[in-house]
Amino acid sequence: MGRIKTVATLFFAAGLTIVLVALMVAADTIAQQAIEALTNPTVLGKVLSATAAFEPIETIQAPILIYHHIKDFEGSDAQADALYIVRPQNFEQQLTYLQDNGFTPLLLRDLPDYFSGKKVLPEKPVFLTFDDGLRSQFEVAAPILERFDFPATFFVFTNPIDRSDNYMTWDQLKTLVAAGHDVGSHGHYHLFWDRISAAELPAEIIGSKNILEDQLGITVVTTAYPFGEYTPAVTTAVGAAGYQVARGIGHGKNHRSDQLFTLDGYFVTNSFSYFKNIVGGR
Ligand SMILES: [Zn+2]
């Protein structure tokens, strides 16, 4: 009897040891996995992003770049126009610089979401914008943007669309939208919004928005002031028309959440050193 009891006890003890060891191994594996998960940059990134997504931001540092023509300078171009022309190879050099320095181009229409924390702001944001709906932007700039997989905002004034070789067509604008770019309003006739009468303003601000939305089937929430000029009355009218973001022209890349209708943007030139100055980086 005594011997059987001893054997039974031994078996029981052995069984308990096996169970204990099994539990310890399991616990160790779980702990190991947890440590791996937390130290894995992808998982950690997701955890941090999920937290950051709920944090509103007051100031966002991001250069807003303004382009007009992307093309080679031609003899027929007036000297004054040179300021509005960036050569294709210089444009490529600028985009390469952004890529090499870890910048992430974003769409201006998403800016309110980056402020509210609804969208997570990448570390080095930059906004590429193109004014006036010029044909060279579709023919020259868009294929280069596509190669870099960079999205951009195209601010067009609606009057010359489909009516001039110098400006884009509706089909071209639709192609840009389908490729992930955004189209914003730049008025209908490209007038000075700070100088025209109160009676003329709605056709520029509301009329152009309606035309773009009807033709392109998108919601237009961004605008760029023609000539970069605006008054408090103009910014109020822009907000009342349903825009969420409005860009002017000026030096500055720190944008406050209460300045969505007076955003500064830099005129980009052919000078690479000036470009590097604007965006910063290395
Ligand atoms: Zn313009």
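Here, every reference points to the structure presented above.
Remember, it's a predicted structure, so these values are computed and weren't measured experimentally.

1. A look at unusual backbone geometry
We note that Asp149 has phi near 60°; this positive angle belongs to a residue other than glycine. Relative to the assigned elements, Asp149 resides in the loop between helix H5 (135-148) and strand E7 (153-156). One non-glycine residue with positive phi stands out, namely Asp162, at about 70°. Checked against the element boundaries, Asp162 lands in the loop between E7 and helix H6 (170-178).

2. Considerations on the nonpolar core
When a protein is soluble and globular, its nonpolar side chains tend to lie buried together. Residues Leu65, Tyr67, Phe91, Leu98, Leu128 and Phe130 are the most contacted members of the largest nonpolar core, which totals 46 residues. Per-element tally for this core: the top contributor is H5, with five residues. Residue contacts for Phe91: discarding those within four places in its chain leaves Tyr67, Ile70, Val86, Phe130, Ala141, Ile144 and Leu145. Counting 14 residues, the second-largest nonpolar core is a separate cluster that includes Phe115, Phe155, Val245 and Leu263.

3. A few points about the pairing of strand E8 (residues 182-185)
Burial of the side chains of E8 extends over both faces: Asp182 and Gly184 are buried on one face and Val183 and Ser185 on the other. In this structure, E7 lies alongside E8, joined through four bridges in parallel fashion. Directly across from Phe154, in E8, lies its bridge partner Val183. Assessed by its sense of winding, the connection that carries the chain from E7 through H6 to E8 is right-handed.

4. What about the environment of His255?
Tracing the backbone through its elements, the reader meets His255 in strand E11 (residues 254-256). Spatially, the C-alpha atoms of His255 and Ala62 are 7.5 Å apart, while their sequence positions differ by 193 residues. A distance of 3.5 Å separates a polar side-chain atom of His255 from the backbone oxygen of Lys253.

Calculation notes
Residues numbered from 1 in each chain as written. Predicted model: local features only at pLDDT ≥ 70, side-chain atom pairs only at ≥ 80, totals over all residues. Heavy atoms only, no water. Helix = DSSP H or I, 4+ residues; strand = E, 2+ residues; numbered from the N terminus. Core = buried A, V, L, I, M, F, W, Y, C linked by side-chain atoms within 4.5 Å. Buried < 20%, exposed > 50% of the residue type's maximum accessible area, 1.4 Å probe, protein only. Contact = heavy atoms within 4.5 Å. Pairing = 2+ DSSP bridges. Right-handed = clockwise from strand over helix to strand, strands pointing away. Polar contact = N/O pair within 3.5 Å; in protein donor to acceptor, adjacent residues only side chain to side chain.

Scope: geometric values only; no functional claims are made or implied.
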